[in-house]
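The primary structure of each chain is shown beneath.
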Amino acid sequence: MCPILHVCRSKYYAWRQRGQESPRARSNRRLLVLIRSLHQEWNGILGYRRMCVRLRQDHGESIGIRRVRRFMRSAGLSGVPRKRRPYRKPGRTDPNVPDLLQREFSAQQPNLAWVTDITEFRTGEGKLYLCVIQDLYDGTVVSWKTQSRPTAELVVSAVQWAVEKSARPDGKPTILHSDHGSQYTSNAYRKCLQRYGLRMSMGRVRTCADNASAESVFAQLKRELVHRCRFRTRQEATERINQYFLNIYNPWRRVAISTPKPNTKVALDERTNGAVC
């Protein structure tokens, strides 16, 4: 049979001696079961990059990112894909309020540069508006508030909460960057920033790329939570959003968001715990 099947006799007897299954095959089968379990545990939001991080940190597996991608592809598993947005022509810049970031969405110290924006969700009771403030140092959301109307009080309350819970660097005022929404051009918002000593910064009109970091927060939130469920009430939506930021989004933010490499330790944010929603 070996000459007919073009198999060496030594390989055939080695196969019989080790129990007809190689250690590599047993390891692959065990890892595939573990990957399926983790993908279901995280409600299907883990792609192969974050799946690799979970396998290394939570289960101590020494595994490469390409191997994880191969397993997930063979099992038909994937994260929630991003949607491409059409290009929009940039608008004019307001000369009264400068753009202090110039699309440089990074900071050398915590609470040195923040970005903020507002988005809306649909619920069974009507629309719900969410305002977030993100720290560009590590990408965590330091403050978020929800309200049934997109008023200036919504952004003012988010700023007040962010200032109360954050210790700003001495001698360096925090930059708060936003778009040209009516809430951010209101007198209440300007007075709030002056009261807390924050520097006002705005991007160009109709240019979402000038506030891309805040837009990415909403894109991930909608991709992994909002578009995958229906909220019956505003209270239910608020509770689910709170759980998402506390238990999933903030613990996943890291100083360097990049493709995990072998023997690379990725630390979770120390501000929140790593509990699963």
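This is a predicted model, so every value here is computed, not measured.

### Some details on the side chain of Asn111
Now for step 1: Position of Asn111 relative to the elements: it lies in the loop between helix H5 (65–75) and strand E1 (113–123).
Now for step 2: A polar contact is formed between the side chain of Asn111 and the side chain of Trp114, at a distance of 3.4 Å.

### Focus on the packing of aromatic side chains
Now for step 1: Inspection of every chain in the model, using the stated rule, returns eight aromatic pairs.
Now for step 2: Plain terms: the ring middles of Tyr184 and Tyr189 are 5.1 Å apart, the flat faces sit at 85° to each other, and that makes the pair edge-to-face.
Now for step 3: Residue class for Tyr184 comes out buried when judged on its relative accessible area of 1%.
Now for step 4: On the basis of an interplanar angle of 65° and a centroid distance of 5.9 Å, the ring pair of Tyr244 and Phe245 is categorised as edge-to-face.
Now for step 5: Residue classification places Phe245 among the buried residues on the basis of a relative accessible area of 0%.
Now for step 6: Members of the aromatic cluster, each reached through a chain of ring pairs, are Trp144, Trp161, Tyr244, Phe245 and Tyr249.
Now for step 7: Cation over ring: Arg70 sits above Phe71, and NZ or CZ is 5.8 Å from the ring centre.
Now for step 8: The ring of Trp161 has Lys145 lying over it, and the distance from NZ or CZ to the ring centre is 5.0 Å.

### So, the sheet that holds strand E3 (residues 141–147)
Now for step 1: Ordered by their spatial adjacency, five strands build an open sheet running E3-E2-E1-E4-E5, and the pairing between neighbours is mixed. Because the sheet does not close on itself, it has two edges, and the strands there are E3 and strand E5 (199–202). Taken pair by pair, the neighbouring strands of this sheet meet at an average axis angle of 25°, ignoring direction.
Now for step 2: As defined by bridge partners, strand E4 (residues 175–178) adjoins E5 across four bridges and the pair is classed as parallel. What sits directly across from Leu176, in E5, is Met200.
Now for step 3: Packing against the sheet, helix H6 (residues 152–165) makes contact with E1, strand E2 (126–135), E3 and E4, and its axis sits at approximately 150° to E3.
Now for step 4: Strand contacts of helix H8 (residues 212–224): E1, E2 and E3, with the helix running at about 35° to E1, the strand carrying the most contacts.

### Describing a positive patch on the surface
Now for step 1: A grouping of Arg49, Arg66, Arg69, Arg73 and Arg82 is seen on the molecular surface, where their side chains present a positively charged patch.
Now for step 2: Residue contributions to the positive patch peak at three residues, all from H5.
Now for step 3: With respect to the element layout, Arg66 can be found in helix H5.

### Let's talk about the pattern of salt bridges
Now for step 1: For the structure on display, the rule yields seven salt bridges.
Now for step 2: In this structure, Asp58 engages Arg54 in a salt bridge whose closest nitrogen and oxygen atoms are separated by 2.5 Å. Of this pair, Asp58 and Arg54 both sit in helix H4 (residues 48–59), four residues apart, which is roughly one turn of the helix.
Now for step 3: Since its relative accessible area comes to 45%, Asp58 is described here as partly exposed.
Now for step 4: Through salt bridges with shared partners, a single ionic network connects Arg103, Arg204 and Asp210.

### A few points about the pairing of E2
Regular strands place side chains that alternate from one sheet face to the opposite one.
Now for step 1: Counting buried positions along E2 gives eight out of 10 residues, so the element sits mostly inside the fold.
Now for step 2: Across 10 bridges, E1 lies against E2 in antiparallel orientation. Considered in E2, the bridge of Thr123 is made with Gly126.
Now for step 3: The hairpin turn running from E1 into E2, its antiparallel successor, is two residues long.

### Quick look at the state of the cysteines
By definition, a disulfide links the sulfur atoms of two cysteine residues through a covalent bond.
Now for step 1: Taken as a whole and judged by the stated rule, the model has zero disulfides.
Now for step 2: Looking at Cys2, it has no disulfide partner, and the nearest cysteine sulfur is the one in Cys8, 8.4 Å off.

### Some words on helix H7 (residues 187–196)
Now for step 1: When we look at burial in H7, the residues that qualify are Tyr189, Cys192 and Leu193. Each buried residue of H7 lies within a common arc of 95° when the element is viewed along its axis, so the set occupies one face. Turned more than 90 degrees from where H7 packs its buried face, Asn187, Lys191, Gln194 and Arg195 sit exposed.
Now for step 2: Looking at the residues trailing H7, positive phi occurs at Gly197, about 70°.

Conventions and cut-offs
- Residues numbered from 1 in each chain as written.
- Predicted model: local features only at pLDDT ≥ 70, side-chain atom pairs only at ≥ 80, totals over all residues.
- Heavy atoms only, no water.
- Helix = DSSP H or I, 4+ residues; strand = E, 2+ residues; numbered from the N terminus.
- Polar contact = N/O pair within 3.5 Å; in protein donor to acceptor, adjacent residues only side chain to side chain.
- Phe/Tyr/Trp six-rings, centres within 6.5 Å; stacked < 30°, edge-to-face > 60°.
- Buried < 20%, exposed > 50% of the residue type's maximum accessible area, 1.4 Å probe, protein only.
- Lys NZ or Arg CZ within 6 Å of the ring centre and 35° of its normal.
- Pairing = 2+ DSSP bridges.
- Axes fitted to C-alpha atoms, helices over the stretch in contact; angles between N-to-C directions.
- Contact = heavy atoms within 4.5 Å.
- Patch = residues over 30% accessible without salt bridge, like charges linked within 9 Å, V, L, I, M, F, W, Y side chains within 5 Å.
- Areas by Shrake-Rupley, 256 points an atom, 1.4 Å probe, with all protein chains shown as cover.
- Salt bridge = Lys/Arg side-chain N within 4 Å of Asp/Glu carboxyl O.
- Lys, Arg positive; Asp, Glu negative; His and termini not counted.
- Charge placed at Lys NZ, Arg CZ, Asp CG, Glu CD.
- Disulfide = S-S within 2.5 Å.
- Arc of directions from axis to C-beta.

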